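Here are the chains, one letter per residue:
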Amino acid sequence: MGLLSDPHCRRALSRLVVRLNTPLCVLSYVAGLGWFLAMALPPLAPRTYMSENAMGSTMVEEQFPHGERALAYGRDFAAQKKKAGGIPVAWLEKTMWGLGLEVYKQPFARTLPFPDESRERYMVKGTNVYGILRAPRAASTESLVLSVPCSEGTHNSQAVGLLLALAAYFRGQIYWAKDIIFLVNEHDLLGMEAWLEAYHDVNVTEMQSSGALGRAGAIQAAVALELSSDVVTSFDVAVEGLNGQLPNLDLVNLFHAFCQKNGLLCTIQGKLQRSDWDTLPAYAHSLQTLLLMVLKQGSGQPQGDHGLFLCYHIEAITVRGINSFRQYKYDMTTVGKTLEGMFRKLNNLLERLHQSYFFYLLPSLSRFVSIGVYMPAFGFLILVLVLKALDLWMQLNKCEAASAERLWDGDHGAAHAMVEEPRPGLLVLVPPLVVCHAAGLALYLLPVLGQRVATQHFPVSEAEAVVLTLIAIYVAGMALPHSAHRALPGGGSDRGWMTLKLLALLYLAAQLSCAALLNFSLGFLLAATMVPAAAAVRPTGPRPVLAALLVLSTPAVTLLLGIFLHHELEERPAGLAEGWQLFLQALAEGLLQHHLYGALPFPFLALLTYPCWLLLWNVLCWK
C-alpha cells in the first residue's frame, strides 16, 4: 500500500508498466501456458488419498456370489426388451417385487425444443422403474442409488442383470443403515432428469411426469453403471457433470481403491495410468489425460447419468465396463464384489462427503491437481488483460494531463484544436455496447424461435434450421457493430477506441474469471485463445493480420479446434468433413443441453463472450 500511496513510486511504477507492457504481457501469457503444461508433473500432481475417515483404513469383506445369476437376468431382460420394443416395465416390476423390493414406475414425457436428429427423437415418452430396499437398521432418512440406463438395442442389458442380482443379494443382508434405490431409467439423461425432478418434487425443465410415488431418504451418493457386453476387461470412470461440476474426490478414490483390491483394470478418459512417472512418455501420457478432462469439463455436458445428480448436491460417478479385448477378463462376480464394497463403505457414512476436494483435475486416477495449483495458470493469462488495461488507462490519463498542461501554458492552438475535436465521453460507448449485446440476444433467442419460419421458406429440417440460423446470426453480427460509434460526435477519435478497448478488456477479464470459478476448464480454454487477440487488437497496424488473429480467437473457432484436438487425443483423428459435421452436431447438442437440462455454456457464450468479442471487433474496425 505504501508503494501505491507514494506519488513518486506510483509514477515510477506507471512508467515501468507502460514501457515494458508488451514484454510483461508476453511473459505472463507464456508463464500461464507453461504452468498448465507443468501440472502433469508429479511435484504439482500429488498422489490421491482418502480424506473421509469412514471410508479410510479398514476395508469390508465382499461376498457377492451371484455372477451367473446376473448373466441370466441380463439375458432375460434382453429377450423381454426385444419382445416389448422398449423397456419391459411389467417384467421389471414383477422381478423386483419377487426380490422383496418396493417397486414403483414413473411415466414421463418431454417435447424437445427441436428434433434431436442424432438420436432421432422429438416427442419423447418413457417410463422409469425403480425399487427401494428399506434399511432394516434405520428410519429411511438417508439413501444410496444404483442406476442403470435402459439404452436402445442390447446395449447395457448385462448392467440391468447385475443390478437385479445385487438387489437380490443386498436384500438378504442386515447391516444396511441407508435405503438403497435400484433405478432403471429410460432415454438416458431425459429419464434421469424426470426421475430426479419427481423425487425432489421440482419441475424446472417443463418435464411432464406422474411424479415419484415412492421415496426413500435423502440421497447421499449414487453410482450409474454401464456395461458394454458380457465380458468386461476394464472399467472407465466418468466424473464430469453438468456445467463442469465434479463429484467429491473421495468417491473417485473409493472406486479406485476397490478396483485395486479386486484386481480390476481401471482407467480415466480411456487412459491407463503409468507407473514410470519420471519419464518423458509418462509425462506425455498424463498430459493427454489432463487435456481430455479439460476438454470434456469445458464442454459443460454431463459425461454420464451421474452428471445430473451433481446438480442436486448428490455425489455421483458413472462406471463403464468396457470390453476392449485386452488380456484381462473379469466375470460378473468380481464386478459385483466391487460394487458391493463401494456401497458397504458408503453405507458407513455418518455425513455427506465433504472433506475432500470438489475442484480438481485428474492426470490419472492415482494423482490429482487441486484448485490451489491450477488457478495460477489461469491467473497468469488474466494478468495479460489487466496489464493491457492499465497501459490504456495510463495512456488516457497521460493524454488528458498533456492537454490540460497545454491549456495552462496558454497554447491557444492546442486549445482551439481540442474545441474542434469533441472529447468522447461515456456516451460514445453506448451504441457499440447496445448493438453487440443485441446481437448476442438474437443469437440466444432466434435460432429456436425462428425454426418454423426457416423451414417454411427454405428446404431444411427443423434441426438444420436451428443450426444454420445460429451460424448465420453469428457471422452477420460481425458486420453490425463496427460503424455504430459514428453515430455520436467524437466517436472516431483515438480516445474513443482506447476507452472502448479498456472496457472490453475489463469486461472479458471479469466474465472469464467468473467462469473459471465455476468451470475452470471453460474459463481457461477461452482465456488461452482470446487473450492474445484481445491484447493485440487495435485499429492501427497490420489490420489483416489482426483480423485473422481475432477471427481465430472467436468462441466458434475455439469449439472447432477443440473437437479436432479431442479426437486427436483419443487417437482417432477426424478429417475436415467429419470435423465440420461434428461441429454442427456440437452446436445442436449445446442448444439441446441448455433447454433440456439447464447447461450454461451456450447462454454464457451467446450473451457474454460473443458480445465481448464483438466489442473487440469494433475496436479493430474503428475509423
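Please read these numbers as outputs of a predicted model, since none were measured by experiment.

### Quick word on the UniProt feature "transmembrane region" (unreviewed entry) in the chain
Then step 1. Per the UniProt entry, the sites bearing "transmembrane region" (unreviewed entry) are residues 20-41, 368-387, 426-446, 504-533, 545-565 and 600-620 in this numbering.
Then step 2. Here residues 20-41 runs as 82% helix and 0% strand, with 32 Å between its end C-alpha atoms.
Then step 3. When the span residues 600-620 is considered, its composition is 95% helix and 0% strand, and the gap between its end C-alpha atoms is 29 Å.

### A word on the environment of Leu-92
Then step 1. Checked against the element boundaries, Leu-92 lands in helix H5 (residues 89-98).
Then step 2. Accessibility expressed as a relative area gives 0% for Leu-92, which makes it buried.
Then step 3. Considered as a pair, Leu-92 and Lys-105 are 13 residues apart in the sequence and their alpha carbons are 9.6 Å apart.

### A short note on helix H14 (residues 430-449)
Then step 1. Here H14 contains 20 residues, and its C-alpha end-to-end distance of 27 Å stays within 8% of the 28 Å for a straight helix at 1.5 Å per residue.
Then step 2. Of all the bends in H14, the largest measures some 30 degrees and sits at Leu-443, one to four residues before the proline Pro-447.
Then step 3. Within the sequence span of H14, burial applies to Pro-431, Pro-432, Cys-436, Ala-439, Gly-440, Leu-443, Pro-447 and Val-448.
Then step 4. Residues of H14 that are buried in the fold lie against strand S1 (102-116), helix H15 (451-457), helix H16 (462-476), helix H17 (494-518), helix H21 (576-597) and helix H22 (601-620).

### Quick word on the pairing of strand S2 (residues 121-133)
Then step 1. Of all 13 residues that make up S2, ten are buried, and the element is covered over most of its length.
Then step 2. Sheet topology places S1 next to S2; eleven bridges connect them, and they run antiparallel. The residue bridging Arg-110 from the neighbouring strand is Val-124, located in S2.
Then step 3. For S2 and strand S4 (residues 179-186), the ladder comprises five bridges, and the chain directions are antiparallel. Counterpart to Gly-131 in the pairing with S4 is Phe-182.

### Description of the packing of aromatic side chains
Then step 1. This model, assessed by the stated rule, comprises 20 aromatic pairs.
Then step 2. On the basis of an interplanar angle of 20 degrees and a centroid distance of 5.5 Å, the ring pair of Trp-613 and Trp-617 is categorised as stacked. Of this pair, Trp-613 and Trp-617 are both found in helix H22, four residues apart, which corresponds to roughly one turn of the helix.
Then step 3. For Trp-617, a relative accessible area of 12% puts it in the buried group.
Then step 4. Through a chain of ring-to-ring contacts, the aromatic side chains of Phe-64, Tyr-169, Phe-170, Tyr-175, Trp-176, Phe-182 and Phe-343 assemble into a single cluster.
Then step 5. The positively charged end of Arg-344 is found above the aromatic ring belonging to Tyr-175, 4.2 Å away from the centroid.

### Comments concerning the packing of helix H20 (residues 555-569) against H21
Then step 1. Remark: H20 packs on H21, axes separated minimally by 10 Å, with the N-to-C direction vectors making an angle of 120 degrees. Considered as vectors, H20 and H21 are oriented oblique to each other. Crossing hand, H20 versus H21: right-handed. Contact residues: H20 offers Ala-556, Leu-559, Leu-560, Ile-563, Phe-564 and His-567, while H21 offers Leu-576, Gly-579, Leu-582, Phe-583, Ala-586 and Leu-587.
Then step 2. Looking at the contact of H20 with H21 residue by residue, the class counts come to ten nonpolar, two polar and no charged.

Each value, and the rule that gives it
- Residues numbered from 1 in each chain as written.
- Predicted model: local features only at pLDDT ≥ 70, side-chain atom pairs only at ≥ 80, totals over all residues.
- Heavy atoms only, no water.
- UniProt positions renumbered as here; feature names shortened; annotations may be inferred.
- Helix = DSSP H or I, 4+ residues; strand = E, 2+ residues; numbered from the N terminus.
- Buried < 20%, exposed > 50% of the residue type's maximum accessible area, 1.4 Å probe, protein only.
- Expected span 1.5 Å × (residues − 1).
- Bend = angle between axes of the 7 residues up to and from the residue.
- Contact = heavy atoms within 4.5 Å.
- Pairing = 2+ DSSP bridges.
- Phe/Tyr/Trp six-rings, centres within 6.5 Å; stacked < 30°, edge-to-face > 60°.
- Lys NZ or Arg CZ within 6 Å of the ring centre and 35° of its normal.
- Axes fitted to C-alpha atoms, helices over the stretch in contact; angles between N-to-C directions.
- Parallel < 35°, antiparallel > 145°, perpendicular 65-115°, else oblique.
- Left-handed = near helix turned anticlockwise from the far one by under 90°.
- Nonpolar A, V, L, I, M, F, W, Y, C, P; charged D, E, K, R; others polar.

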